[in-house]
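# Working through the structure, step by step
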Amino acid sequence: MHHIEVWIGTLSPIWVYLLVGAVIGIESMGVPLPGEIALVTASLLSVTTSVNPWLVASAAAAGAIAGDSAGYLIGRRGGPALLERFGRRFPKHFGPEHLAKAERAFQRWGVWAVFFGRFIALLRILAGPLAGALKVPYGKFLLANATGGIVWSFGTVFAIYTLGQVAEKWLKDFSWVALALAVVAGLATTFYLRRRAAAEAKALRAEAEKEPAATP
């Protein structure tokens, strides 16, 4: 994905905003695109270039809300059969295990799976179409969709923007300290994410093994 980051860095600010909104919007419709990478890259550009973080966040929020709404309409019209066809065409993103996991999230959180889904890669793609296919009332969907899109977009942009400003200052004054902290933070984050992914996979396997036994 490094070439994507380099390419975005060559664009003028207006094209950065449009690209961020478009990529996130299309991803939210159910098409597997690197929306989070586009948002993070644009956020980092706002630290050192004329790219405005407020406009990056606004474009991301607009794309998320519009894309999820479009995905909802697609899912509502196509129903579960549409998701199954997507699963056969994109097994890495819409396979049976992905759909089952997303459906369990809706069973656990209800419509707020749309809100929480904005922060989870799998649900970020599936939340809109799945909510439509499950006939979730659009008013409730829109509330969770808009809230999640705004919190995710502005939270991500300004967290990265703030950290980027601090890191830039440290790199100027205490480059070796910043480098050491960055390495430690990167290793700690990687270790945490691996542990979290392993624990989640173990829980899903355990749940899958229980389901056949519970069926009469």
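Our structure's up above, just so we're on the same page.
The structure reproduced in this document is the subject of the present report.

Of regular secondary structure, the protein possesses 10 helices and zero strands. Mapped from its N terminus to its C terminus, the protein presents α and β elements in the order α-α-α-α-α-α-α-α-α-α. Counting the 216 residues in the protein, one finds 38% classified as buried. Residue pairs in contact within the protein that sit at least 24 positions apart in sequence constitute 75% of those at least 6 positions apart. Here the protein has roughly 12600 Å² of accessible surface; of this, 69% comes from carbon and sulfur atoms.

Our focus in this paragraph is the packing of aromatic side chains. Per the stated rule, a full pass over the model turns up 11 aromatic pairs. Taken together, a centroid distance of 5.2 Å and an interplanar angle of 55° make the contact between tyrosine 72 and tyrosine 138 tilted. You can see tyrosine 72 sitting in helix 4 (residues 53-89) and its partner tyrosine 138 sitting in helix 9 (residues 138-173), a full 66 residues away along the chain. Judged by its relative accessible area of 2%, tyrosine 72 is buried. For tyrosine 138, a relative accessible area of 35% gives the class partly exposed. Taken together through their ring pairs, the aromatic side chains of Trp109, Trp112, Phe115, Phe116 and Phe119 make up a single cluster. Sitting above the plane of the tryptophan 152 ring, arginine 118 keeps its charged end 5.0 Å from the centroid.

Turning to helix 2 (residues 13-28), a few remarks are in order. In this model, helix 2 (16 residues) spans 23 Å end to end at C-alpha, consistent with the 22 Å of a helix rising 1.5 Å per residue. Burial in helix 2 covers these residues: Val16, Tyr17, Leu19, Val20, Gly21, Val23, Ile24, Gly25, Glu27 and Ser28. A positive backbone phi angle near 120° is found at glycine 30, which sits one or two residues after helix 2.

Conventions used here
Residues numbered from 1 in each chain as written. Predicted model: local features only at pLDDT ≥ 70, side-chain atom pairs only at ≥ 80, totals over all residues. Heavy atoms only, no water. Helix = DSSP H or I, 4+ residues; strand = E, 2+ residues; numbered from the N terminus. Buried < 20%, exposed > 50% of the residue type's maximum accessible area, 1.4 Å probe, protein only. Contact = heavy atoms within 4.5 Å. Areas by Shrake-Rupley, 256 points an atom, 1.4 Å probe, with all protein chains shown as cover. Phe/Tyr/Trp six-rings, centres within 6.5 Å; stacked < 30°, edge-to-face > 60°. Lys NZ or Arg CZ within 6 Å of the ring centre and 35° of its normal. Expected span 1.5 Å × (residues − 1).

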